[in-house]
Amino acid sequence: MALNFLSSLFGRKKQEETATPEAEEVTYEELEETVENRETNEQINQLMERINEIENDLPRIKISIDTIKKNIQELRDDIDRLDKTIKDVMMLYEVISQEINPFKEQMGQENPLSNEIQELRKELENLKMELAQVKNDIKVLAGYGVDLDSIIYEVLAEV
């Protein structure tokens, strides 16, 4: 049986050698085309597999991007809140440092905010003094039996 197998192999070889040279060239070209087609098919299959992997990864990537966008927006909001808080603290610091600072007279001339605060304090003191005078006048008038209700109505009518 092995002898038949070997003789059939050698017999084929002799038949191939006796074939015409044109047939060998066609066979060689066909083999080259077949090899090229196989390589092309393998490349196409590899590309298709890679495209499938990318298509599978796209939803996860989109979810990740959305999550990152949300986190960035939250960070922006936090930064805005911190910025506002820092500005408030700095304004408070300026007011307090003007009160405690021994050089406030010099700085008061340079800082417009402290000038406004000083002016408001002066106006507040003046209003307190006027209010105390009005209270004293009302007490005196009430002691003499003057009708305060009619005076209040007259003043309110003028305003």
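Per chain, residue numbering runs from 1 following the sequence as it is written. For a predicted model such as this one, the threshold for reporting local features is a pLDDT of at least 70, and the threshold for listing and counting side-chain atom pairs is 80 or more; totals across whole chains, interfaces and linings nevertheless cover every residue. Only hydrogens and water are set aside; all other atoms, that is, all heavy atoms of the structure, feed into the side-chain values.

### With respect to the overall build of the protein chain
Runs of E in the DSSP output that reach at least two residues are strands. Runs of H or I that reach at least four are helices, and both are numbered from the N terminus. Broken down by element type, the protein chain carries five helices and zero strands. Ordered by position from N to C terminus, the α and β elements of the protein chain give α-α-α-α-α. Relative accessibility under 20% of the residue-type maximum defines a buried residue, over 50% an exposed one, and the middle range a partly exposed one, all with a 1.4 Å probe and only protein chains included. Within the span of the protein chain, comprising 159 residues, buried residues form 4% of the whole. Accessible surface, the protein chain as shown: approximately 15100 Å² in total, 59% of it carbon and sulfur. All accessible areas in this document rest on Shrake-Rupley with a 1.4 Å probe, and a residue is counted as covered only by the protein chains that are shown.

### A closer look at the confidence of the model for the protein chain
Low-pLDDT stretches of the model should not have their predicted coordinates read in fine detail. On average, residues of the protein chain score 79 in pLDDT, and 77% of them reach the 70 mark or higher. pLDDT under 50 marks residues 19-23. Its contacts with residues more than four places away, or in other chains, come to one contact. Known as pLDDT, the predictor's per-residue confidence is scaled from 0 to 100. Contacts are assigned to residue pairs that have any heavy atoms within 4.5 Å of one another.

### Remarks on a nonpolar patch on the surface
What makes a patch is a set of residues exposed beyond 30% relative accessible area and free of salt bridges, joined within 9 Å when like-charged and within 5 Å when nonpolar (Val, Leu, Ile, Met, Phe, Trp, Tyr). Each salt bridge in this description consists of a side-chain nitrogen of Lys or Arg and a carboxyl oxygen of Asp or Glu lying within 4 Å of one another. Taken together, the side chains of Val140, Leu141, Tyr144, Val146, Ile151, Val155 and Val159 present a nonpolar region at the surface, about 680 Å² in accessible area. When contributions to the nonpolar patch are tallied by element, the ones reaching two or more residues are helix H4 (112-143) and helix H5 (148-158). Classification of valine 159 by relative accessible area gives exposed; the value is 85%.

### With respect to the pattern of salt bridges
All chains considered together, the criterion is met by six salt bridges. Where arginine 50 meets glutamate 53, a salt bridge forms, and the shortest distance between an N and an O atom there is 3.1 Å. Taken together, the residues arginine 50 and glutamate 53, both in helix H2 (residues 21-100) and three residues apart, mark about one turn of the helix. Using a relative accessible area of 41% as the deciding quantity, one classes glutamate 53 as partly exposed. Two residues, lysine 84 and aspartate 88, come together in a salt bridge whose shortest N-O distance is 3.9 Å.

### Observations regarding a negative patch on the surface
Think of it this way: Lys and Arg go in the positive column, Asp and Glu in the negative one, and His and the chain ends go nowhere. The atoms used to mark charge sites are NZ of Lys, CZ of Arg, CG of Asp and CD of Glu. Together, Glu29, Glu30, Glu32, Glu33, Glu36, Glu39 and Glu42 make up a region of like negative charge exposed at the surface. Along the chain, glutamate 32 turns up in helix H2. Owing to a relative accessible area of 35%, glutamate 32 belongs among the partly exposed residues under this scheme.

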